[in-house]
Number of protein chains: 2
Amino acid sequence: MQEKTRRARRLPREVRERQILDAAVEVFSANGYHAASMDEVAEVAGVSKPMVYTYLGSKEDLFAKCIRREAKRLLDAVAAGVDTDMTPDMQLWSGLRSFFSFVGDNRSSWLVLHRQALSVGGSFAEEISQMRARSIELVAAVVVATGTKQGIGEEAEKSAEGLAAALVGAAESLAVWWLDHPDVSDGLLASWLMNLVWLGFGDLVKGEVWTPNFPATT
Amino acid sequence: MQEKTRRARRLPREVRERQILDAAVEVFSANGYHAASMDEVAEVAGVSKPMVYTYLGSKEDLFAKCIRREAKRLLDAVAAGVDTDMTPDMQLWSGLRSFFSFVGDNRSSWLVLHRQALSVGGSFAEEISQMRARSIELVAAVVVATGTKQGIGEEAEKSAEGLAAALVGAAESLAVWWLDHPDVSDGLLASWLMNLVWLGFGDLVKGEVWTPNFPATT
DNA sequence: CAGTAAACCTACCCGCGAGTAGGTTACGGG
DNA sequence: CCCGTAACCTACTCGCGGGTAGGTTTACTG
């Protein structure tokens, strides 16, 4: 009844901090910030509560550290897959694949970032919003790059950020949808989005536009 | 120093319930479920705490009633703008316009539904998720309808639900983006999405597909 | 102009969970 | 082999906020 040296004891601080952060991400993602208790985090981490406080600080501190670590991991994962030398469509494709791949491998991270971080008012929400806004701007830059190369109109360029926001949201939504439909590969998800969105962009560039065939448009 | 009859007193239950629900939506949207206190709801509603309990029940009850009321309002608003006799593209267009219009007029409702409802684990999350799933299915039906009319391939049809999820997410994301960029009309937002997505759908139907020009596709 | 029912309030209880005081045990260096 | 320090724990305090007991006031009703 003692699998691995009976009880892993006296581990260096560095290791414990990692364990506690891992546990915290798990607990926060499962229950949400407010519903999560420090006792539970401590228990999941296999550690007593004062350890959590001495190593990671208050509950807010702990949550902030979770958010920042997971956000960095996600951004790094996406950045690692994207090479700015690639053509815009390949950049989008690679970014999407990296994104979905990360989400598939790190559900808890994704849930914390997507669901919890925004619902906790205050500085967290702002921090996450800014990070998301930066992602949107990066995507917008890719969209604009494509457009200007092919002589896009100012009208479309003005809307680039909106379109980018839509694309980012579409990817996030697909990631959530994926949780309920796991029998799809990350690559397939990414190609769906590319087919849906890129051809839309392409037609915009060609000057094609969809218009409602009724006059009323407030 | 007494604007309207000094103090609105002894109002019928029906009216008070509305006021309390309005206040609750406001408070929940601003602070999130857990951070919101019943005292604050009572104060915003201009009523004492026991009133809230006798009329609307526990905090969970109150939240559930908020969610259901606002969800119904949103769905009704969208449904009112969509006529199933219309062509699929017009249905999407009308639905999007109604959606953005509602969000513009009811920020708190939208925030509660979008941000808070999911982060409160348990039955609420499930309820909201199901509502969202139904919306996605409706959109998917429109997509499929278009496709089959024009002889869409099975492959694309299989992915219709995923595409619908992406579209719904795109709309939600645009709605959030809108909060920071209010100098855009709801109609413009809807037309952006239609241009982006519909032309994408259209090309899919025509058999055009975007493919990565590298072999690796897990 | 009672009397009754519904609207409404003040003032409290109490459990849960954030945060801490103060000690105990094991490892590493001399 | 012993001592210092870093790892670690048990056992608390205490305030916040969900929920309620029990009474008071106003409006309608005959």
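Anything mentioned here points back to the structure above.
The structure contained in this document is the topic of the report that follows. (Residues numbered from 1 in each chain as written. Chains lettered and ligands numbered in written order. Predicted model: local features only at pLDDT ≥ 70, side-chain atom pairs only at ≥ 80, totals over all residues. Heavy atoms only, no water.)

**Remarks on the interface of chain A and chain B**
Then, number 1: With 47 residues of chain A in contact, the opposing surface of chain B contributes 46 residues.
Then, number 2: Summed over both partners, the interface of chain A with chain B buries about 4,400 Å², with 65% contributed by carbon and sulfur atoms.
Then, number 3: Scanning the region where chain A abuts chain B turns up zero salt bridges.
Then, number 4: Of all elements in the fold, only α5 (88–105), α6 (107–119), α9 (160–180) and α10 (186–205) of chain A reach the threshold of two or more residues within the side of chain A that touches chain B.
Then, number 5: At twelve residues, α10 of chain A tops the list of elements feeding residues into the side of chain A that touches chain B.
Then, number 6: Taken together, the residues of the side of chain A that touches chain B break down into 24 nonpolar, 16 polar and seven charged. (Contact = heavy atoms within 4.5 Å. Buried area = accessible area lost by both parts, 1.4 Å probe. Salt bridge = Lys/Arg side-chain N within 4 Å of Asp/Glu carboxyl O. Helix = DSSP H or I, 4+ residues; strand = E, 2+ residues; numbered from the N terminus. Nonpolar A, V, L, I, M, F, W, Y, C, P; charged D, E, K, R; others polar.)

**A short note on helix α1 (residues 13–31) of chain A**
Residues and elements named next belong to chain A.
Then, number 1: If you check α1, its first and last C-alpha atoms are 26 Å apart, about what 19 residues at 1.5 Å a residue would give, namely 27 Å.
Then, number 2: Every buried residue belonging to α1 is among Arg-16, Ile-20, Leu-21, Ala-23, Ala-24, Val-25, Val-27, Phe-28 and Ser-29, and all of these are buried.
Then, number 3: Looking at the buried residues of α1, the elements they touch are α2 (38–45), α3 (49–56), α4 (59–81) and α6. (Expected span 1.5 Å × (residues − 1). Buried < 20%, exposed > 50% of the residue type's maximum accessible area, 1.4 Å probe, protein only.)

**Looking at the relation of the copies chain A and chain B**
Then, number 1: If you rotate chain A by 180° and push it 0.0 Å along the axis, it lands on chain B with an RMSD of 0.1 Å. Put plainly, the chains are arranged around a two-fold axis. (Least-squares fit on C-alpha atoms with pLDDT ≥ 70 in both.)

**Structural notes on the packing of α5 of chain A against α10 of chain A**
All names here are of chain A.
Then, number 1: Where α5 contacts α10, the two axes come as close as 9 Å, and the packing angle between them is 145°. Seen from above, α5 lies across α10 with right-handed handedness. Contacts from Pro-88, Asp-89, Leu-92, Trp-93, Leu-96, Arg-97, Phe-100 and Ser-101 in α5 reach Asp-186, Gly-187, Leu-189, Ala-190, Ser-191, Leu-193, Met-194, Trp-198 and Phe-201 in α10.
Then, number 2: Tallied by class, the residues present in the contact of α5 with α10 amount to eleven nonpolar, three polar and three charged. (Axes fitted to C-alpha atoms, helices over the stretch in contact; angles between N-to-C directions. Left-handed = near helix turned anticlockwise from the far one by under 90°.)

**Here's the deal with the pattern of salt bridges**
Then, number 1: One pass over the structure, following the stated rule, counts 17 salt bridges over all chains.
Then, number 2: Here Arg-132 of chain B ties to Glu-172 of chain B by a salt bridge, and the two come within 2.9 Å at their closest N and O atoms. Taken together, the positions of Arg-132 of chain B in helix α7 (residues 123–149) and Glu-172 of chain B in helix α9 (residues 160–180) put the pair 40 residues apart, joining distant regions of the chain. As far as burial versus exposure is concerned, Arg-132 of chain B and Glu-172 of chain B are alike and both buried.
Then, number 3: Through salt bridges with shared partners, a single ionic network connects Asp-22, Arg-69, Glu-70 and Arg-73 of chain A.

**Quick notes on α6 of chain A**
Then, number 1: Given a rise of 1.5 Å per residue, 13 residues ought to cover 18 Å, and the 18 Å separating the end C-alpha atoms of α6 of chain A matches this to within 8%.
Then, number 2: Every buried residue belonging to α6 of chain A is among Ser-108, Ser-109, Trp-110, Leu-111, Val-112, Leu-113, Gln-116, Ala-117 and Ser-119 of chain A, and all of these are buried.

**Remarks on the packing of aromatic side chains**
Residues and elements named next belong to chain A.
Then, number 1: With the rule as written, the count across this model stands at 22 aromatic pairs over all chains.
Then, number 2: Their ring planes at 85° and their centres at 4.9 Å tell us that Phe-28 and Phe-63 sit as a pair that is edge-to-face. Placement of the pair is Phe-28 in helix α1 and Phe-63 in helix α4, with a sequence separation of 35 residues.
Then, number 3: When its relative accessible area of 1% is taken as the criterion, Phe-28 is described as buried.
Then, number 4: Assessed through its relative accessible area of 0%, Phe-63 is described here as buried.
Then, number 5: The residue whose ring lies beneath Lys-59 is Tyr-33, and the NZ or CZ to ring-centre distance is 4.7 Å. (Phe/Tyr/Trp six-rings, centres within 6.5 Å; stacked < 30°, edge-to-face > 60°. Lys NZ or Arg CZ within 6 Å of the ring centre and 35° of its normal.)

**Description of the protein's contact with DNA strand D**
Then, number 1: Looking at DNA strand D, there are 20 residues lining it, with Arg-9, Arg-10, Met-38, Lys-49 and Tyr-53 of chain B nearest.
Then, number 2: By atom count, sugar and phosphate contribute 62% of the portion of DNA strand D lying within 4 Å of the protein.
Then, number 3: At a separation of 2.9 Å, a phosphate oxygen of DNA strand D approaches a polar backbone atom of Arg-10 of chain A.
Then, number 4: The separation between a phosphate oxygen of DNA strand D and a polar main-chain atom of Ala-36 of chain B is 3.2 Å.
Then, number 5: Of all elements in the fold, only α1 and α3 of chain A together with α3 (49–56) of chain B reach the threshold of two or more residues within the surface near DNA strand D.
Then, number 6: Tallied by class, residues from the surface near DNA strand D come to nine nonpolar, three polar and eight charged. (Near = heavy atom within 4 Å. Polar contact = N/O pair within 3.5 Å; in protein donor to acceptor, adjacent residues only side chain to side chain.)

**What to know about the side chain of Asn-195 of chain A**
Then, number 1: Of note, Asn-195 of chain A is situated in helix α10.
Then, number 2: Engagement of the side chain of Asn-195 of chain A in a polar contact is seen with the backbone nitrogen of Trp-210 of chain B, the distance being 2.8 Å.

**Section: the environment of Thr-84 of chain B**
All names here are of chain B.
Then, number 1: Structurally, Thr-84 can be placed in the loop between α4 (59–81) and α5 (88–105).
Then, number 2: A relative accessible area of 66% places Thr-84 in the exposed class.
Then, number 3: Thr-84 sits 58 residues away from Val-142 along the chain, and the two C-alpha atoms are 9.6 Å apart.

**Description of the nonpolar core**
Then, number 1: One finds Phe-100 and Leu-193 of chain A together with Phe-100 and Leu-193 of chain B to be the most contacted residues of the largest nonpolar core, which totals 145 residues.
Then, number 2: The element contributing the most residues to this core is α9 of chain A, with 15 residues.
Then, number 3: Apart from the residues within four sequence positions on either side, Phe-100 of chain A is in contact with Ala-171, Leu-174, Ala-175, Trp-178, Asp-186, Leu-189, Ala-190 and Leu-193 of chain A. (Core = buried A, V, L, I, M, F, W, Y, C linked by side-chain atoms within 4.5 Å.)

As far as function goes, none of this settles anything; it's purely spatial.
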